[in-house]
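# Remarks on the overall topology
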Amino acid sequence: MASGMAPVTLTDIAAAARVLLALPEARRRAGMAALIARAKLAARHRAATGRCHPLYGNGTLLSAALVHPGRNPARPGAPDYLACLALVTEMLCIHHTRR
């Protein structure tokens, strides 16, 4: 865990998607990259100090997402929410193949 964020759960993915949903579409990819970077930063901080990062938490994507405003989808299958879920999973796959 010292070099990357904690393992990702479905709750992490949903929280990240809600953060992206609150952003303009053109900023979502950068927003997701920032969430991954913040989770990794928090994981490194926790590994080095034994404590949660003061802003981004314990190294999970969920804790990094919870400090940002999010938006609930109009309904669970709303196309814009599904697009955000797809973007989260796409960028996580890219992140994990680059490690």
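The structure displayed is predicted, hence computed values, not measured ones.

Once that is clear, we can look at the nonpolar core. Of all hydrophobic cores here, the largest spans 24 residues; its most connected members are Leu20, Met32, Leu35, Leu61, Val88 and Leu92. Counting residues per element, the ones that place at least two in this core are α1 (10–21), α2 (28–49), α3 (61–65) and α4 (79–98). At eight residues, the largest contribution of residues to this core is made by α1. Among residues more than four places away in sequence, those in contact with Val88 are Ile13, Ala16, Ala17, Leu20 and Met32.

This part takes up α1. End to end, α1 covers 16 Å across twelve residues, agreeing with the expected 16 Å (1.5 Å per residue, within 8%). Where α1 is concerned, the buried positions are Asp12, Ile13, Ala14, Ala15, Ala16, Ala17, Val19, Leu20 and Leu21. Residues of α1 that are buried sit in contact with α2, α3 and α4.

A few words now on the pattern of salt bridges. Per the counting criterion, the structure on display carries two salt bridges. Between Glu90 and Arg29 there is a salt bridge; the shortest N-O distance is 3.2 Å. Here Arg29 lies in helix α2 and Glu90 lies in helix α4, a separation of 61 residues in the sequence. By relative accessible area, which is 35% here, Glu90 ends up partly exposed. Asp80 is paired through a salt bridge with Arg71; the nearest N and O atoms lie 3.1 Å apart. Accessibility expressed as a relative area gives 30% for Asp80, which makes it partly exposed.

How each quantity is defined
- Residues numbered from 1 in each chain as written.
- Predicted model: local features only at pLDDT ≥ 70, side-chain atom pairs only at ≥ 80, totals over all residues.
- Heavy atoms only, no water.
- Core = buried A, V, L, I, M, F, W, Y, C linked by side-chain atoms within 4.5 Å.
- Buried < 20%, exposed > 50% of the residue type's maximum accessible area, 1.4 Å probe, protein only.
- Helix = DSSP H or I, 4+ residues; strand = E, 2+ residues; numbered from the N terminus.
- Contact = heavy atoms within 4.5 Å.
- Expected span 1.5 Å × (residues − 1).
- Salt bridge = Lys/Arg side-chain N within 4 Å of Asp/Glu carboxyl O.

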